[in-house]
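# Structural features, examined
As a plain string of letters, each chain reads:
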Amino acid sequence: MLLRREPTNVADQKDALRRAMAALLGPVLIEAGIEGSQVPDDNSLKGRLLYRRVDSIVVSEDAPPAEVLTLARALASDDLPVGSSSGIQVELLPASAVRSDLHPVAPPPVSLPDEPPPSRSRTMSGPVDEAQRIATALDHSFDQGNWMEALHAAQALVRLTLRFPDHERRAYLLSLRRIFTRRMLDEFIQFSMRSTEEQARIAEVLQFSGPEAIELMVDHICQSESIGPRRFIHDILASTPDSVPLLLPLLSSPRWHEVRHSAELLGRLQVPDTIPALRSAMEHPDARARQAAVLALAEFPDQSVILPIRRALADPSPLTRASAAHALSRRSSPGLAMPLVAALESEKDPVAWSALMTALAGIDSTEGMNELVTLALDRHPMLKAGRPMSQRLAIVQALAGRKNVAVVRRALERLVKEGEGPVRRTAEEALKDQSSS
C-alpha cells in the first residue's frame, strides 16, 4: 500500500519490509479468494490480487527480502509483471484462451427461452430440428474461440431437455454428453474462471454432462491450493453424490491441498460411508490435511465422528487441536466438557488454548464452568506461575457472550463474589448487560 499510495516514502517502505520479514516464520499462503463479477475498486491486497489476475501466492520462510519487495512492487503496479522467483510461487488465473489466428465471425442466432413452452402434444420433429440448429451454432462458436456464444448455445441445449417426452429424454441427454466434449467443457471452465458472471451457465451445463464432467471438475480443483475462482466448481461437486468415488482417493494424496479439497467436499456431501476414509485422513503427515479431515467430520451429525474428533485434541499441531475444539463445541453436549477440560489443562499453545476455552464456555456444563471460573480466579493447582491476566479476562469475556444461560450466570456471579480487580469488574459489567437485555 505504501508503494502504491506513497511511492516516495522510502523510510516507511523499508520499515514495513523489515517487519514483514520478521513475521515470516514459516511458509505463507495468500489467496485472492472468491472473485466477484467486478474487481474491487480499492487498494486492498485482495483488490490488487484480483486486478492483477493472481490466484494465490506462497512465500517461503527463506524468501529473500529483495524478492518480497519485487513482488510488492509488481502488485502495486498496473503493468509490472507478477511472477514467481526462487522463494515465491505465484499462481496466475488462466490467461484468455481466445484464438488469435481467427477473425471473429458472427455465429448463427441462438434463442434461449427463459421458460420452455409446454410439450404435452409436441412431436419429436420440432425439438430435434431445434437441437440440431443450436448444436451447429455451438460448434461454429467454439471453432471460432467465441466462448461466450458457445456457452450460451450449450445452455440452450440443456434447457431444451424439458421439451422432449419423458421416454426420449434419456437418449437426448446421452447425445448431449457426446456433444459436450472434454475439451469443450475444459474451455468453458477456463472461461468461467475469468468471467465469473458466466459461472451459473457453466454450472448448468456441467450438471448435465455426465461422469467425464465430474472427473474434469475434480482435476481442476486439484490444480491449485487456492479455491478462489474455483468455488463454483466446489459448489457443483458438493451437490453431486456421484463425485464421491473420485474424491475418496484424494484423501490419501501426499499433496495436502488435494486432501483439503476432498475433505471439504465430502463434509458438505455428508455421505456416511465416507466417514472411515476421513478418519484415516486424520493420520496424514501434513497437519493441514489433518485439520481439514477434522473440519469435514464435524459436518456429520453421526455420533461416530465424536471419538476421532476427541482424539484430535491431542494432535501434534495446535491448529488441528483448535479445529477439534471448535468441532466439539458445535455439538453443545455437556458430556464433552470434561475432555475439553483435560485438554485445556495441558494446552501450551495460545491459539489452541483460546479455542479450547471458547469451546468450553459454549457448553452448558457445571463442571466446565467451574473449571473456567477456577482459571479466571487464577487458582488452578497445576499453574504455579499464575495465569496471564489477558487469558483470565478472555475467559470472563467468553462467558459474557453467553446470554440468558443459568449455568453461565452462576459462573459470572461467582467471579463477582470471589474475583478481584479487572476480573471482578468485567464480570460485574457482564451481569449488568445480561440483566438489561
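Up top is the structure these notes are about.
A brief structural summary. Please read these numbers as outputs of a predicted model, since none were measured by experiment.

## A closer look at the overall build of the protein chain
Each helix and strand in the protein chain was counted, giving 23 helices and 3 strands. Here the protein chain holds 437 residues, and 46% of them are scored as buried. Contacts in the protein chain between residues far apart in sequence, at least 24 positions, make up 66% of those at least 6 positions apart. When the accessible surface of the protein chain is summed, it comes to about 22,000 Å², and 53% of that surface belongs to carbon and sulfur atoms.

## What to know about helix α23 (residues 421-436)
Here α23 contains 16 residues, and its C-alpha end-to-end distance of 23 Å stays within 8% of the 22 Å for a straight helix at 1.5 Å per residue. Within α23, burial applies to V423, T426, A427, A430, L431 and Q434. One side of α23 holds all its buried residues, which, seen down the axis, span an arc of 140°. Exposed positions of α23 whose direction lies more than 90 degrees from the buried face are E429, K432 and S436. Those residues of α23 that are buried lie in contact with α20 (366-376), α21 (389-400) and α22 (406-418).

## Some remarks on the packing of aromatic side chains
Per the stated rule, a full pass over the model turns up 3 aromatic pairs. Ring geometry for F164 and Y172: centres 4.2 Å apart, planes at 20°, overall stacked. Each member of the pair F164 and Y172 is classed as buried. Put simply, the rings of F142, W147 and F188 pair up and form one aromatic cluster.

## Concerning the packing of helix α8 (residues 182-194) against helix α9 (residues 199-206)
At a closest axis distance of 9 Å, the pairing of α8 and α9 adopts a crossing angle of 155°. Taken as axis vectors, α8 and α9 run roughly antiparallel relative to one another. In this structure, the crossing between α8 and α9 has a hand that is left-handed. Each of L185, F188, I189, S192 and M193 in α8 lies in contact with α9, whose residues at this interface are Q199, I202, V205 and L206. Split into classes, the residues belonging to the contact of α8 with α9 amount to 7 nonpolar, 2 polar and no charged.

## Some thoughts on unusual backbone geometry
Although it is not a glycine, Q270 adopts a positive phi angle of roughly 55°. Structurally, the position occupied by Q270 is in the loop between α13 (256-269) and α14 (275-281). Relative accessible area serves as the criterion here: at 35%, Q270 is assigned to the partly exposed category.

## What to know about the pairing of strand β2 (residues 54-59)
Burial within β2 is extensive, with 5 of its 6 residues counted as buried. The pairing of strand β1 (residues 28-31) with β2 spans 4 bridges and is antiparallel. For I30, the partnering residue across the bridge sits in β2 and is I57. Where β2 meets strand β3 (residues 88-92), 5 bridges bridge the pair, whose relative direction is antiparallel. Residue pairing for β3: V54 is matched across the bridge by L92.

Cut-off values and rules
Residues numbered from 1 in each chain as written. Predicted model: local features only at pLDDT ≥ 70, side-chain atom pairs only at ≥ 80, totals over all residues. Heavy atoms only, no water. Helix = DSSP H or I, 4+ residues; strand = E, 2+ residues; numbered from the N terminus. Buried < 20%, exposed > 50% of the residue type's maximum accessible area, 1.4 Å probe, protein only. Contact = heavy atoms within 4.5 Å. Areas by Shrake-Rupley, 256 points an atom, 1.4 Å probe, with all protein chains shown as cover. Expected span 1.5 Å × (residues − 1). Arc of directions from axis to C-beta. Phe/Tyr/Trp six-rings, centres within 6.5 Å; stacked < 30°, edge-to-face > 60°. Axes fitted to C-alpha atoms, helices over the stretch in contact; angles between N-to-C directions. Parallel < 35°, antiparallel > 145°, perpendicular 65-115°, else oblique. Left-handed = near helix turned anticlockwise from the far one by under 90°. Nonpolar A, V, L, I, M, F, W, Y, C, P; charged D, E, K, R; others polar. Pairing = 2+ DSSP bridges.

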